[in-house]
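Commentary on secondary and tertiary structure
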Amino acid sequence: MTMPFTVEDFFLVFRDYNAAIWPAQIVVMVLGLVPLTALFVGRNGAPRFAFAALSVLWAFTGIGYHLLIFVAFALVLIPGPEQPQRSL
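All of the points below concern the structure found in this document. (Residues numbered from 1 in each chain as written. Predicted model: local features only at pLDDT ≥ 70, side-chain atom pairs only at ≥ 80, totals over all residues. Heavy atoms only, no water.)

Before going further, it helps to spend a moment on the overall build of the protein chain. Summing up its helical and strand segments, the protein chain has 3 helices and 0 strands in all. Counting all 88 residues of the protein chain, 11% fall into the buried class. In the protein chain, once contacts between residues fewer than 6 apart in sequence are set aside, the share between residues at least 24 apart is 41%. (Helix = DSSP H or I, 4+ residues; strand = E, 2+ residues; numbered from the N terminus. Buried < 20%, exposed > 50% of the residue type's maximum accessible area, 1.4 Å probe, protein only. Contact = heavy atoms within 4.5 Å.)

Okay, structure coming up:
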């Protein structure tokens with residue numbers, strides 16, 4: 001089975017994603033420290049809070065990545081009314 005893209009293409013996807021969300025990466029990293037700090041403080045409910053906060057961050061990252069990347073692929077692979085279909 002051959003892959004529809006090269007290794008370089010695969011890494012370019014990550015480069016493009018990281019470039020597209022650049023300022024948000026710093027904010028999300030800081031937000032990720034909040035649940036970690038809560039675990040070390042050790043109050044009641046800290047593990048539940050950490051799990052919930054990290055779940056939101058992971059969902060944000062996953063959904064954002066898929067929307068950004070798959071919309072970009074759809075724009076390339078799905079032809080418009082006056083465009084012929086192209087391949088990657």
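This brings us to a nonpolar patch on the surface. A grouping of Met3, Phe5, Val7, Phe10, Phe11 and Phe14 is seen on the molecular surface, where their side chains present a nonpolar patch of about 600 Å² in accessible area. For Phe5, the location among the structural elements is in the segment before α1 (7-20). (Patch = residues over 30% accessible without salt bridge, like charges linked within 9 Å, V, L, I, M, F, W, Y side chains within 5 Å. Areas by Shrake-Rupley, 256 points an atom, 1.4 Å probe, with all protein chains shown as cover. Salt bridge = Lys/Arg side-chain N within 4 Å of Asp/Glu carboxyl O.)

Let's shift gears to helix α2 (residues 22-41). For an α-helix, the turn length of 3.6 residues means that residues three or four places apart are oriented alike. Taking 1.5 Å per residue as the helical rise, α2 with its 20 residues ought to reach 28 Å, and the 30 Å between its terminal C-alpha atoms agrees with that figure. Residue Gly42 follows α2 closely and has a positive phi angle near 80°. (Expected span 1.5 Å × (residues − 1).)

Each aromatic ring pair is summarised here by two numbers: the centre-to-centre distance and the angle between the ring planes. Per the counting criterion, the structure on display carries 4 aromatic pairs. With a centroid separation of 5.6 Å and 65° between ring planes, the pair formed by Phe10 and Phe11 is classed as edge-to-face. Of the residues examined, Phe11 reaches a relative accessible area of 52% and is grouped as exposed. Both rings, one in Tyr17 and one in Tyr65, keep their centres 5.1 Å apart while their planes meet at 80°; by these two values the pair is edge-to-face. Within this pair, whereas Tyr17 is found in helix α1, its partner Tyr65 is found in helix α3 (residues 46-77), the two being separated by 48 residues in sequence. Each member of the pair, Tyr17 as well as Tyr65, carries the same accessibility label: buried. Of the aromatic side chains, those joined through ring pairs into one cluster are Phe10, Phe11, Phe14, Tyr17 and Tyr65. (Phe/Tyr/Trp six-rings, centres within 6.5 Å; stacked < 30°, edge-to-face > 60°.)

These figures come from the coordinates and say nothing about function on their own.
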